[in-house]
Amino acid sequence: MHNPGNATPETPDLSDRFPAQERLADGAQFIAGRLTKGTSGRTHAVVDPSTGEEVYTYELAGPADVDAAVAAARRAFPGWAATTPGERSDALHRFAAVLAERAEEFARAESLQCGKPLKLTREFDVPGTIDNTAFFAGAARHLQGQSAGEYSGDHTSYVRREPIGVVGSIAPWNYPLQMAAWKILPAVAAGNTIVLKPAELTPLTSLLFAQAATEAGIPDGVINIVTGTGKEAGEHLVGHPDVAMTSFTGSTAVGKRVAEIATATATVKRIHLELGGKAPFVVFDDADLDAAVNGAVAGALINTGQDCTAATRAYVQRPLYEAFVEKTAALMETVRLGDPFAAGTDLGPLISHVQRDRVAAFVDRARAYARVVTGGEAPEGELAKGAYYRPTLVADAAQDSEIVQSELFGPVLVVLPFDGDDEGIALANDTPYGLAASAWSRDVYRANRATREIKAGCVWVNDHIPIISEMPHGGYKASGFGKDMSSYSFEEYTQIKHVMFDNTAVARKDWHRTIFGDRL
C-alpha cells in the first residue's frame, strides 16, 4: 500500500481520498476475524478510474484462502445459528451504528475505487447500506413460519425457518458496498455464515464492511471476504463441497457458469442469481414530458450507467417522440463530468478503460444504423487520463439492433418511437431481460396495465431507479431469480421445515388400514 507520508507523483498522497487505507494494510483477505494476505502468488492493483493511477496493491486469493474462509465459516455456523433472533438483531443494530460512525470513510473509499461522484456515495451508496443494516436488524426478529394449525384434523402443523449453512456469495464491481450488504445481511440475519468474493477491481469497502461487523461484535468467522479472480477464487468457492448456497450478482453469461458449477457438484446447492438487465422506459403520450425527460437522464446516467436497473431503452409514443429526443439531448449536455471528489461533478468515469472502450465500441458500431444525437465520445484534456465517456443519446435504432438488445453498462440511452399502447408494452418486453422497467402516464388505468403486463421484477410509475430496504429486488427471465433486500430475501437464505404433531395418541391410525388391510 502507498505510504501517504512519502507521496511522489507516481504514488499520490491518498490520505484525503482514502482515509481508511491503514485499516487495510495487512492484506485483502478477511478470514476468521482478521486480515491476511492472499496465497495465490499474484498481486492485483485497485486503480482509480478517474486518473488511471494505482491506489492499493494486494495479494490475490487462491484456492487455499477460499478453503480457509469456508472452514472458518463452517466452524462459526453452529454457534451463530444457535443465537436467538434478538441476539442477532442486537449485533446488527451495533453494526449499523459503526457504519454510521464511519460513513465518510466508506464514501471516500467507494468513490476512489469506483470513480463515483462523492455526492452519490455520500447520499446513496453509504446511507442505503446503513439503512439496509438497520432494516435487517429489525427483520431478524421476524423470521416466522406459518402459524400452528390443525390442517389434517388429527395433527398440529407448523413451519420452521432454519439457516442453510455456509453461503458462498459473489458480488460485482458497480455497487461493491451495497452488493456486499445485500449478500451478507440477510444471510447472517437468518443465522447463516458467509464467504463473500468481491470483484477484484473493487474490494476496499467489502473489506471495511467486514471489519466493521467484527468491531460491532459479530463473531469471527461469521463474515469472511476472499478477494481473488473469478476463475480461481470464485469458481472454487461456488464448487466448494462445504458451501450450501451460492448467491451471485453479475452478468447473465457468468451467472450461467455459476449455475453450471453449483449444480455439477456432489452437493445440490441453493442458487440465487441477480443477473443482467436492459430496462425499458415507456413514455405514453399523456405523460408529463418534463418529468419523463428528467427521469430518463437521471435514470440512464446514475453511476455512469453502470447499473443493471438503469434506463437504457426509452420507448416514447410518437406524439412526444421528437420533443423527448430534443429535450433529453439538451439536458444530457448540461451534465458535468469531472473529478469524483470535486463538488461540481455530476458524472464520474466508468470503472476502467476496458469498460469505457467496450461502451464506445457499441456506440461506434451503432453509427452504421442509428443516429447519435449527443455524446458518443470520450472527453479530451485532463479527463482523458480517466475512463470517462460523455452522456450519449442514440435515436432511430431498430428494435432488433445490438444497441437495443445488449447490455452496455455505460452512460448510453437509446430512444425509439411507438404508436399504440399494445406496441409500447410489446417492445418493452422484447428483450431476454426482465429486471426493472418504468411507465410514464397520468392515466392510472394505463399505468396499471403497464405494471401488470411488463415482465420485470420491478416496475416504477412516473419514476425510475429508487429502491428501498423494505421492498424486494430481483428479476424475471434472463435477469435471474430470487430476491435481495426486504423480508422476501429470507426465502433465499432459509430452509423451510414442516413439523407435524399427532394429536390423537392412538397407536393404530385409521390410515394404517392401507397397509394392514382389515386387521384393524
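Everything here concerns the structure above.
Given the structure is predicted, the values throughout are model-derived calculations rather than measurements.

So, on to the overall build of the chain. Each helix and strand counted, the chain has 16 helices and 21 strands in total. Its C-alpha atoms give the chain a radius of gyration of 25 Å, near enough to 24 Å, the size a compact globule of 520 residues would have. Judged by the C-alpha coordinates and their principal axes, the chain covers about 90 × 65 × 40 Å. Within the span of the chain, comprising 520 residues, buried residues form 57% of the whole. Counting only carbon and sulfur atoms, one obtains 53% of the accessible surface of the chain, whose full area is about 20600 Å². The averaged location of the 65 negative side-chain charges in the chain is 6 Å from the averaged location of its 48 positive side-chain charges.

Attention shifts here to the sheet that holds strand β15 (residues 412-418). With mixed pairing, seven strands are arranged side by side in an open sheet as β13-β14-β15-β12-β11-β17-β18. Whereas interior strands pair on both sides, the edge strands pair on one side only; in this sheet they are β13 (371-374) and β18 (458-461). Going across the sheet, the axis of each strand differs from the next one's by a mean of 25°, ignoring polarity.

All told, the structure shown has 10 aromatic pairs when counted by the stated rule. Look at Phe 136 and Phe 490: their rings are 5.8 Å apart centre to centre, the planes differ by 80°, and that puts the pair in the edge-to-face class. You can see Phe 136 sitting in helix α4 (residues 118-139) and its partner Phe 490 sitting in helix α15 (residues 490-493), a full 354 residues away along the chain. Pair check on accessibility: Phe 136 and Phe 490 agree, each one buried. Taken together, Phe 135, Phe 136 and Phe 490 form an aromatic cluster joined through their ring pairs. Positioned above the aromatic ring of Phe 362 is the side chain of Arg 365, whose terminal nitrogen or guanidinium carbon lies 4.9 Å from the ring centre. Above the plane of the ring of Phe 516 lies Arg 508, whose end atom (NZ or CZ) is 4.8 Å from the centre.

Relative to strand β4 (residues 53-59), strand β3 (residues 43-48) runs antiparallel, the two being bridged by six bridges. Within the sheet, the bridge partner assigned to Val 47 lies in β4 and is Glu 54. Linking β3 to β4, which pair antiparallel, is a turn of four residues; within it Gly 52 sits at a positive phi near 80°.

With that settled, consider helix α1 (residues 63-82). Relative to the 28 Å expected for 20 residues at 1.5 Å per residue, α1 spans 29 Å between its end C-alpha atoms, a close match to the ideal helical length. Maximal helix bending in α1 amounts to about 40°, located at Ala 76; proline Pro 78 follows within four positions. Among the residues of α1, those classed as buried are Asp 65, Val 66, Ala 69, Val 70, Ala 72, Ala 73, Ala 76 and Trp 80.

Time to look at helix α8 (residues 252-264). The first and last C-alpha atoms of α8 sit 18 Å apart over 13 residues, in line with the 18 Å expected at 1.5 Å per residue. Those residues of α8 lying buried are Thr 252, Gly 255, Val 258, Ala 259, Ile 261 and Ala 262. Buried-residue contacts for α8 involve α7 (230-239), β9 (245-249), β10 (270-274) and β16 (433-434).

Running from N to C, helix α5 (residues 176-189) and helix α6 (residues 204-215) cross one another at 45°; their axes reach a closest spacing of 8 Å. One finds that α5 runs oblique with respect to α6. Crossing handedness for the pair α5 and α6: right-handed. Between α5, through Pro 176, Leu 177, Ala 180, Ala 181, Ile 184 and Leu 185, and α6, the contact on the second element is made entirely by Thr 205, Ser 206 and Phe 209. Its residues assigned to classes, the contact of α5 with α6 shows seven nonpolar, two polar and no charged.

As a further point, take the nonpolar core. Among soluble globular proteins, nonpolar side chains are generally buried collectively. Ranked by internal contacts, the top residues of the largest apolar core, which has 69 residues, are Leu 92, Phe 95, Ile 184, Phe 209, Ile 218 and Ile 223. In terms of residue count, α5 provides more of this core than any other element does, 10 residues in total. Ignoring anything within four residues of it in the chain, the contact list for Ile 184 reads Ile 194, Leu 196, Phe 209, Ile 223 and Ile 225.

Although it is not a glycine, Asn 462 sits at a positive phi angle of roughly 60°. Mapped onto the elements, Asn 462 comes out in the loop between β18 and β19 (476-477). A residue is classified by how much of its surface remains accessible, and Asn 462, at 38% relative accessible area, is partly exposed.

Definitions and cut-offs
Residues numbered from 1 in each chain as written. Predicted model: local features only at pLDDT ≥ 70, side-chain atom pairs only at ≥ 80, totals over all residues. Heavy atoms only, no water. Helix = DSSP H or I, 4+ residues; strand = E, 2+ residues; numbered from the N terminus. Rg over C-alpha atoms; globule rule 2.2 N^0.38 Å. Buried < 20%, exposed > 50% of the residue type's maximum accessible area, 1.4 Å probe, protein only. Areas by Shrake-Rupley, 256 points an atom, 1.4 Å probe, with all protein chains shown as cover. Lys, Arg positive; Asp, Glu negative; His and termini not counted. Charge placed at Lys NZ, Arg CZ, Asp CG, Glu CD. Pairing = 2+ DSSP bridges. Axes fitted to C-alpha atoms, helices over the stretch in contact; angles between N-to-C directions. Phe/Tyr/Trp six-rings, centres within 6.5 Å; stacked < 30°, edge-to-face > 60°. Lys NZ or Arg CZ within 6 Å of the ring centre and 35° of its normal. Expected span 1.5 Å × (residues − 1). Bend = angle between axes of the 7 residues up to and from the residue. Contact = heavy atoms within 4.5 Å. Parallel < 35°, antiparallel > 145°, perpendicular 65-115°, else oblique. Left-handed = near helix turned anticlockwise from the far one by under 90°. Nonpolar A, V, L, I, M, F, W, Y, C, P; charged D, E, K, R; others polar. Core = buried A, V, L, I, M, F, W, Y, C linked by side-chain atoms within 4.5 Å.

Function cannot be inferred from these measures alone, as they are strictly geometric.
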